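Structure at a glance
Listed below, chain by chain, are the residues.
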Amino acid sequence: MLKKVNIILAFVGMGACLYHFFIEHLDFSGTSILSCLALMFLLFGIDGIREKERDRKLGYAFLAAAMVMVIGLVKPYIEMLF
């Protein structure tokens, strides 16, 4: 099931890029793009770790990238609180 979600998410991202660059400009904020990428890397990381045949290091690298992006998303809200 997770592989199907990852494939759908990849096609949605490619479609949005093609639409943005060739048809009409999409007004996405940096926060929305970063949250979509963090979700995509998180799902890729979970899928990479669950696979027993492949090397799991790539899955952990995707999880680390997702965590860095989530920290970048949460940092402004934490600074606002303190």
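As the structure is a prediction and not an experimental result, all values here were calculated from the model.

Under the 1.5 Å per step criterion, the end-to-end length of helix 2 (residues 30-50) is 30 Å for 21 residues, consistent within 8% with the ideal 30 Å. If you check which residues of helix 2 are buried, you get Ala38, Met40, Phe41, Leu43, Gly45, Asp47 and Gly48. As for helix 2, its buried residues are in contact with helix 1 (2-23) and helix 3 (57-81).

A word on the packing of helix 2 against helix 3. One can describe the packing of helix 2 onto helix 3 by two numbers: an axis separation of 7 Å at closest approach and a directional angle of 155 degrees. One element, helix 2, and the other, helix 3, form an angle in the roughly antiparallel class. The crossing of helix 2 and helix 3 is left-handed. Listed contacts from helix 3 to Thr31, Leu34, Ser35, Leu37, Ala38, Phe41, Leu42, Phe44, Gly45, Ile46, Gly48 and Ile49 of helix 2 are Gly59, Tyr60, Phe62, Leu63, Ala65, Ala66, Met69, Val70, Gly72 and Leu73. Residue composition of the contact of helix 2 with helix 3, by class: 16 nonpolar, 6 polar and no charged.

What follows deals with a nonpolar patch on the surface. Nonpolar side chains collect at one region of the surface, where Leu18, Tyr19, Phe21, Phe22 and Ile23 lie side by side and expose about 620 Å² of accessible area between them. Tracing the backbone through its elements, the reader meets Tyr19 in helix 1. Note on Tyr19: relative accessible area 33%, which makes it partly exposed.

What follows deals with the packing of aromatic side chains. All told, the structure shown has 2 aromatic pairs when counted by the stated rule. Considering the side-chain rings of Phe41 and Phe62, the 5.6 Å spacing of their centres and the 20 degrees angle between planes classify their relative orientation as stacked. In this pair, Phe41 sits in helix 2 while Phe62 sits in helix 3, placing the two residues 21 residues apart along the sequence. Plain terms: the ring middles of Phe44 and Phe62 are 5.7 Å apart, the flat faces sit at 55 degrees to each other, and that makes the pair tilted. With Phe44 in helix 2 and Phe62 in helix 3, the pair connects residues that are 18 residues apart, well separated along the chain. Exposure remark for Phe62: the relative accessible area of 23% places this residue in the partly exposed category. Here the aromatic residues Phe41, Phe44 and Phe62 are joined through ring pairs into a cluster of three or more.

Attention shifts here to the side chain of Asn6. By the secondary structure assignment, Asn6 is in helix 1. By relative accessible area, Asn6 is classed as buried at 5%. Discounting chain neighbours no more than four positions away, the residues touching Asn6 are Leu43, Phe44 and Asp47.

What counts as what
Residues take numbers from 1 onward in each chain, read along the sequence in its written order. For a predicted model such as this one, the threshold for reporting local features is a pLDDT of at least 70, and the threshold for listing and counting side-chain atom pairs is 80 or more; totals across whole chains, interfaces and linings nevertheless cover every residue. Here the side-chain values reflect all heavy atoms present in the structure, with hydrogen atoms and water set aside. Strands are runs of DSSP state E lasting at least two residues, helices are runs of H or I lasting at least four, and both sets are numbered from the N terminus onward. What a helix should span is 1.5 Å times the count of its residues minus one. Burial status follows relative accessibility: with a 1.4 Å probe on protein chains alone, a residue under 20% of its type maximum counts as buried, one over 50% as exposed, and anything between as partly exposed. Between two residues, a contact is recorded if the distance between any of their heavy atoms is within 4.5 Å. For helices, the fitted line uses only the C-alpha atoms of the stretch in contact; every axis is such a line through C-alpha atoms, and the angle between N-to-C directions lies from 0 to 180 degrees. An angle below 35 degrees is read as roughly parallel, one above 145 as roughly antiparallel, one from 65 to 115 as roughly perpendicular, and any other as oblique. In a left-handed crossing the near helix is turned counterclockwise from the far helix by less than a right angle, and in a right-handed crossing that turn is clockwise. Ten residue types, Ala, Val, Leu, Ile, Met, Phe, Trp, Tyr, Cys and Pro, are classed as nonpolar, four, Asp, Glu, Lys and Arg, as charged, and the remainder, Gly among them, as polar. Patch membership needs two things, relative accessible area over 30% and no salt bridge, and members are linked within 9 Å if like-charged or within 5 Å if nonpolar (Val, Leu, Ile, Met, Phe, Trp, Tyr). Here the accessible surface of atoms and residues is derived via Shrake-Rupley with a 1.4 Å probe, and residues count as covered only by protein chains that are part of the display. For this document, the term salt bridge refers to a Lys or Arg side-chain nitrogen within 4 Å of an Asp or Glu carboxyl oxygen. Two rings from Phe, Tyr or Trp (for Trp, the six-membered ring) form a pair when their centres sit within 6.5 Å of each other. Planes less than 30 degrees apart are called stacked, planes more than 60 degrees apart edge-to-face, and all others tilted.

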